[in-house]
Amino acid sequence: SQQGEEDPQALSIQEGENATMNCSYKTSINNLQWYRQNSGRGLVHLILIRSNEREKHSGRLRVTLDTSKKSSSLLITASRAADTASYFCATGRTGANSKLTFGKGITLSVRP
Amino acid sequence: ETGVTQTPRHLVMGMTNKKSLKCEQHLGHNAMYWYKQSAKKPLELMFVYSLEERVENNSVPSRFSPECPNSSHLFLHLHTLQPEDSALYLCASSQVDNSPLHFGNGTRLTVT
């Protein structure tokens, strides 16, 4: 299975600290995406990184992709209480979103 | 406002009931998806419609029946469900060119 697996399962940090979340997968991919989900809401797309890219930034988010290790990391810098949510990585093996496979997610708690 | 609207937000139904979940997207996308989200499990892809044609059915029991009358609307018809079908059902849309998914806020389904 190409299913992404996030690590750790849960993370608790103090406001202002950086949060690093990891995702590993098993087969070759076309792209990897990170999503965020607030309690009781739908998932919101954060960032997409293609298999030929190594790093991408968006505001306080930094995503890296290492295809040789089949892993990705999501770094949130200067975390805020509002960043408290679940974060999911999703891997796409072909060009179609129908092949997008999600992991179980990481629960991030940012203490004020 | 996510651009993808799901109704109802909450639904409680008995095992002999028939009900329908509705999803509407206002983003001009041409692909729509149903996902099931259960606690402690990865997001499960149920159905994919691309250009109003069903392109994926991930071995979903026949008690779940999707319908896509046009590119903006998606339904999930439910009948004779089991308690283990209780979950958050998420609708999503995208362009078929592998652009990110846009999710609705889901229907929280409880089968009693």
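Keep in mind it's a predicted model, so treat the numbers as computed, not measured. (Residues numbered from 1 in each chain as written. Chains lettered and ligands numbered in written order. Predicted model: local features only at pLDDT ≥ 70, side-chain atom pairs only at ≥ 80, totals over all residues. Heavy atoms only, no water.)

*Asks:* Outline the overall build of chain A, supporting the account with residue identities and numerical values.
*Replies:* Counting its secondary structure elements, chain A contains zero helices and 11 strands. Mapped in sequence order, the helices and strands of chain A form the string β-β-β-β-β-β-β-β-β-β-β. By the compact-globule yardstick of 13 Å for 112 residues, chain A fits well, its C-alpha radius of gyration being 13 Å. With the C-alpha coordinates aligned to their principal axes, the bounding extent of chain A is approximately 40 × 30 × 20 Å. With 112 residues in all, chain A has 43% of them scored as buried. Carbon and sulfur atoms form 44% of the exposed surface of chain A, whose accessible area is close to 5200 Å². Charge-centre separation for chain A: the mean point of 15 positive side chains lies 7 Å from the mean point of 9 negative side chains. (Helix = DSSP H or I, 4+ residues; strand = E, 2+ residues; numbered from the N terminus. Rg over C-alpha atoms; globule rule 2.2 N^0.38 Å. Buried < 20%, exposed > 50% of the residue type's maximum accessible area, 1.4 Å probe, protein only. Areas by Shrake-Rupley, 256 points an atom, 1.4 Å probe, with all protein chains shown as cover. Lys, Arg positive; Asp, Glu negative; His and termini not counted. Charge placed at Lys NZ, Arg CZ, Asp CG, Glu CD.)

*Asks:* Give a description of the interface of chain B and chain A that names residues and reports values.
*Replies:* Taken together, the contact between chain B and chain A spans 24 residues of the former and 23 residues of the latter. For the pair chain B and chain A, the interface holds five residue pairs in polar contact (both at pLDDT 80 or more). If you list the elements that add at least two residues to the side of chain B that touches chain A, you get strand S4 (31-37), strand S5 (44-50) and strand S9 (87-94) of chain B. For the side of chain B that touches chain A, a count of residues per class yields 12 nonpolar, seven polar and five charged. (Contact = heavy atoms within 4.5 Å. Polar contact = N/O pair within 3.5 Å; in protein donor to acceptor, adjacent residues only side chain to side chain. Nonpolar A, V, L, I, M, F, W, Y, C, P; charged D, E, K, R; others polar.)

*Asks:* I'd love a proper account of the packing of aromatic side chains, names of residues and values included.
*Replies:* Residues and elements named next belong to chain A. Going through the model one piece at a time under the given rule, you end up with seven aromatic pairs over all chains. Ring centres of Tyr35 and Phe102 lie 5.4 Å apart, and the angle between their planes is 55°; on these two criteria the pair is classed as tilted. Residue Tyr35 is located in strand S4 (residues 31-37), and its partner Phe102 is located in strand S10 (residues 101-102); the two are separated by 67 residues in the primary sequence. A residue is classified by how much of its surface remains accessible, and Tyr35, at 0% relative accessible area, is buried. Judged by its relative accessible area of 1%, Phe102 is buried. (Phe/Tyr/Trp six-rings, centres within 6.5 Å; stacked < 30°, edge-to-face > 60°.)

*Asks:* Report on the state of the cysteines, specifying residues and quantitative values.
*Replies:* Scanning the entire structure with this criterion turns up two disulfides over all chains. Covalently, Cys23(A) is tied to Cys89(A) through a disulfide, its sulfur atoms 2.0 Å apart. Torsion about the S-S bond of the Cys23(A) and Cys89(A) cystine: about 60°, corresponding to right-handed handedness. Taken together, the residues Cys23(A) in strand S3 (residues 19-24) and Cys89(A) in strand S9 (residues 85-92) connect sequence positions 66 residues apart. As far as the burial class goes, Cys23(A) and Cys89(A) line up, both buried. One disulfide bridge connects Cys23(B) with Cys91(B), the sulfur atoms lying 1.9 Å from each other. On the S-S bond that ties Cys23(B) to Cys91(B), the torsion sits near -75°, and the link is left-handed. Of the two residues, Cys23(B) sits in strand S3 (residues 18-25) while Cys91(B) sits in strand S9, which places them 68 residues apart along the sequence. Given the relative accessible area of 0%, Cys23(B) is considered buried. (Disulfide = S-S within 2.5 Å.)

*Asks:* Any chance you could break down the side chain of Thr64(A) for me, citing the residues and the numbers?
*Replies:* Residues and elements named next belong to chain A. Within the fold, Thr64 resides in strand S7 (residues 61-66). Among the polar contacts listed, one links the side chain of Thr64 to the side chain of Ser73, at a separation of 2.6 Å. Sequence-distant contacts of Thr64, defined by excluding residues within four places in its chain, comprise Ile49, Arg54, Glu55, Ser71, Ser72 and Ser73.

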